[in-house]
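If you want the building blocks of each chain, they are given just below.
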Amino acid sequence: MSDKTIDPVVPVEGRHVLHLFYKIEYSLWQLFTRDEQLKAKTNLSTLVQEIRAAPSTQLILLSIVSPKADLGFMLLTPDLQMANQFEKRLTQALGPDVCTSVFSYLSMTERSEYTTNEADFAATLREETGPGTVEYETALADYRKRNAKYLQDRLYPNLPAWPVVCFYPMSKRRNAGQNWYALPFEERKRLMGGHARVGRKWHGKILQLITGSTGLDDGEWGVTLFAHDTYDIKGIVYEMRFDPVSAEYADFGEFYIGLQLPLDELFRRLQL
Ligand code: 76R
């Protein structure tokens, strides 16, 4: 089902990202007959398949660890019309009022302001190799390739199947004397360089997906961390707290920990 007459709302770059967290109303669910429950589950399962088959769209399913929520979805898709349509249908798929929203977050994948740009890279390189040398041209070509891949991964990521997923909103402070947005660009870039150095120590253990939400939702970013081990989630978030970007400038929203599961296992886990 798609709204063919409605023009898509597709950003110039990046994807729309929706995090959706629900509680299951078990008192309602238990009033369903076995047949109605089966129909409801088939309905969700068909919808999940339909969403996953939509162009450039990814959907992950989460069982939330804690009674804050039962069920979570993370959706990446280019068109906000589709994101909105999928979100309404996911909410209703198990039957009216079976899923009640406890938290949701709208953001978009974005490029970083602070990564080394070509002009910076070329300037440093010129000092090392001199301009126009073979080394210079080779290193610049390598940089362009690396940068293109980095940008592609950031704007059009492939969500990994890693089991542990941590989500929280984050904003940078705007207090008197502690205002991230009043810092000069070069200072922000320097501080973000320190952040990235801490982050890189967790390479292979933590995959961060930073999605921007200024003007879209209450926080300024959605932080989604993928891991194989909760030890690493706790470790990186703790270590980041000492990094000035987080220690002095970051405010956090509520934390959600989910486990990525296939749908049949998710139904079992949720006792549906
Ligand atoms: O994109 C990159 O990997 C390049 C360097 C980098 C940027 C630009 C980077 C690296 N981050 C960037 C941007 Mn990050 N990150 C967080 C949090 O809990 C906390 O204290 C903060 C939440 C974690 C855990 C984390 C991890 N990062 C950002 C931004 C956007 C800021 C802006 O634009 O002003 C935010 C909000 C943010 C927050 N960061 C890394 C990590 C990790 C693990 C890395 C290394 C990635 C890798 O190289 O594998």
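Throughout, residues of each chain are indexed from 1 in the direction in which the sequence is written. Only residues with pLDDT of 70 or above have their local features reported here, since the model is predicted, and side-chain atom pairs are shown and tallied only from 80 upward, although totals for entire chains, interfaces and linings are computed over all residues. Excluded from the side-chain calculations are hydrogens and water; all other atoms, namely the structure's heavy atoms, are used.

## Concerning the packing of helix α4 (residues 118-129) against helix α5 (residues 134-155)
Heads up, the rule is: To obtain an axis, a line is fitted to C-alpha atoms, over the contacting stretch when the element is a helix, and the angle between two such axes runs from 0 to 180 degrees between their N-to-C directions. Numbering of helices and strands starts at the N terminus; helices are DSSP runs of H or I of at least 4 residues and strands are runs of E of at least 2. Angles below 35 degrees are treated as roughly parallel, those above 145 as roughly antiparallel, those between 65 and 115 as roughly perpendicular, and all remaining angles as oblique. Crossing chirality is assigned from the near helix's rotation relative to the far helix, an anticlockwise turn below a right angle marking it left-handed and a clockwise turn marking it right-handed. The contact criterion used is simple: two residues touch if any of their non-hydrogen atoms lie within 4.5 Å. Residue type decides the class: Asp, Glu, Lys and Arg count as charged, Ala, Val, Leu, Ile, Met, Phe, Trp, Tyr, Cys and Pro as nonpolar, and the leftover types, Gly among them, as polar.
Taken N-terminus to C-terminus, the directions of α4 and α5 make an angle of 155 degrees; their axes are 10 Å apart at the nearest point. In terms of orientation, α4 and α5 fall into the roughly antiparallel class. In this structure, α4 crosses over α5, and the sense of that crossing is right-handed. Contacts between α4 and α5 involve E118, F121, A122, L125, R126 and T129 from the former and E135, Y136, A139, L140, Y143, R144 and R146 from the latter. Considered class by class, the residues forming the contact of α4 with α5 number seven nonpolar, one polar and five charged.

## Let's talk about α5
Each α-helix winds once per 3.6 residues, and so residues spaced three or four apart point in a common direction. Threshold: Multiplying 1.5 Å by the residue count of a helix minus one yields the expected span of that helix. For the exposure calls, accessible area comes from a 1.4 Å probe over protein chains only, and a residue counts as buried if that area is under 20% of its type's maximum, exposed if over 50%, partly exposed in between. For this quantity, the arc is that covered by the directions from the helix axis to the C-beta atoms.
The end-to-end C-alpha distance of α5 is 32 Å, a good match for the 32 Å that 22 residues give at a rise of 1.5 Å each. For α5, the full list of buried residues reads Y136, L140, Y143, R154 and L155. Seen end-on, α5 carries its buried residues on one side only, within an arc spanning 75 degrees. In α5, those exposed residues whose orientation departs by more than 90 degrees from the buried face are V134, K145, R146 and K149. Looking at the packing, one finds that the buried side of α5 touches β4 (99-109), α4 and β8 (206-212).

## As for the coordination of the manganese atom of the ligand
Stated precisely, the cut-off is as follows: Each metal's donors comprise the N, O and S atoms found within 2.8 Å of it (within 3.2 Å for Na, K or Ca). Water is not part of the atom list, so some coordination spheres may appear incomplete. Metal sites are grouped by the angles between bound donors: all angles between 85 and 135 degrees with four donors is tetrahedral, opposite donors over 155 degrees apart with the others between 65 and 115 is square planar for four donors and octahedral for six, and any other pattern is irregular.
Every protein donor of the manganese atom of the ligand is listed here as H195 (NE2) and Q208 (OE1), and their distances to the metal cover 2.2 to 2.4 Å. Every donor counted, the six donor atoms about the manganese atom of the ligand form angles of 75 to 179 degrees at the centre, which fits octahedral coordination. Of this pair, H195 sits in helix α6 (residues 185-200) while Q208 sits in strand β8, and the two are 13 residues apart along the sequence. Judged by its relative accessible area of 40%, Q208 falls in the partly exposed class.

## Here we look at the site of the ligand
Worth spelling out the cut-off: The cutoff for a nearby residue is simple: one of its non-hydrogen atoms must lie within 4 Å of the molecule or strand. Two N or O atoms form a polar contact when they lie within 3.5 Å of each other; inside protein one atom must be a possible hydrogen donor and the other a possible acceptor, and for residues adjacent in sequence the pair counts only when both atoms belong to side chains.
In the vicinity of the ligand lie 22 residues, with Y150, Y168, H195, Q208 and S246 positioned nearest. Contact between the ligand and Y168: an oxygen atom at 2.5 Å from a side-chain N or O atom of the residue. Between the ligand and K172, the relevant distance is 3.1 Å, taken from an oxygen atom to a side-chain nitrogen or oxygen of the residue. Elements with a contribution of two residues or more to the shell around the ligand: α5, β5 (164-172), α6, β8, β9 (221-227) and α7 (230-242). The element that contributes the greatest number of residues to the shell around the ligand is α6, accounting for five residues. Split by residue class, the shell around the ligand holds 13 nonpolar, six polar and three charged.

## Considering helix α2 (residues 34-53)
Between its first and last C-alpha atoms α2 spans 29 Å; for 20 residues at 1.5 Å apiece the expected length is 28 Å, and the two agree. Listed as buried for α2 are Q37, A40, K41, L44, L47, V48 and I51. An end-on view of α2 places all buried positions within 120 degrees of arc, on one side of the element. Structural note: α2 exposes R34, D35, L38, K39, Q49 and A53 on the side pointing more than 90 degrees away from its buried face. Those residues of α2 hidden inside the fold are in contact with α1 (26-29), β2 (58-64), β3 (71-77), α3 (80-92) and α9 (263-269).

## Quick word on the pattern of salt bridges
Rules: The working definition used for a salt bridge is a side-chain nitrogen of Lys or Arg within 4 Å of a carboxyl oxygen of Asp or Glu.
Tallying each qualifying case throughout the model produces 13 salt bridges. Two residues, E113 and R188, come together in a salt bridge whose shortest N-O distance is 3.7 Å. Separated by 75 residues along the polypeptide, E113 in the loop between β4 and α4 and R188 in helix α6 bring together distant segments of the chain. One salt bridge connects R144 with E118, and the closest N-O pair in it is separated by 2.7 Å. Of the two residues, R144 is situated in helix α5 and E118 in helix α4; the sequence distance between them amounts to 26 residues. Judged by its relative accessible area of 32%, E118 is partly exposed. A network of salt bridges, in which partner residues are shared, links E265, R268 and R269.

## Topic: the packing of aromatic side chains
Centre-to-centre distance and the angle between the planes together describe a pair of aromatic rings. Filter applied, for reference: Two aromatic rings from Phe, Tyr or Trp, using only the six-membered ring of Trp, form a pair when their centres are within 6.5 Å; if the ring planes differ by under 30 degrees the pair is stacked, by over 60 it is edge-to-face, and anything between is tilted. Ring-over charges, as used throughout, are those where CZ of Arg or NZ of Lys falls within 6 Å of the ring centre and within 35 degrees of the ring normal.
Throughout the structure, instances matching the rule amount to 16 aromatic pairs. Between the aromatic rings of F21 and F103, the centroid separation amounts to 6.3 Å while the plane-to-plane angle is 35 degrees, which identifies the pairing as tilted. Of the two residues, F21 is situated in strand β1 (residues 16-24) and F103 in strand β4; the sequence distance between them amounts to 82 residues. Ring centres of Y114 and W180 lie 6.4 Å apart, and the angle between their planes is 80 degrees; on these two criteria the pair is classed as edge-to-face. Within this pair, whereas Y114 is found in the loop between β4 and α4, its partner W180 is found in the loop between β7 (178-179) and α6, the two being separated by 66 residues in sequence. Y114 sits in the buried class, given a relative accessible area of 14%. Put simply, the rings of F21, F103, Y105, F167 and Y256 touch in pairs and so form one group of aromatic residues. The lysine or arginine in question, K68, covers the ring of Y256, its NZ or CZ lying 5.4 Å from the ring centre. Here the basic side chain of K172 rests over the ring of W180, its NZ or CZ set 4.0 Å away from the ring centre.

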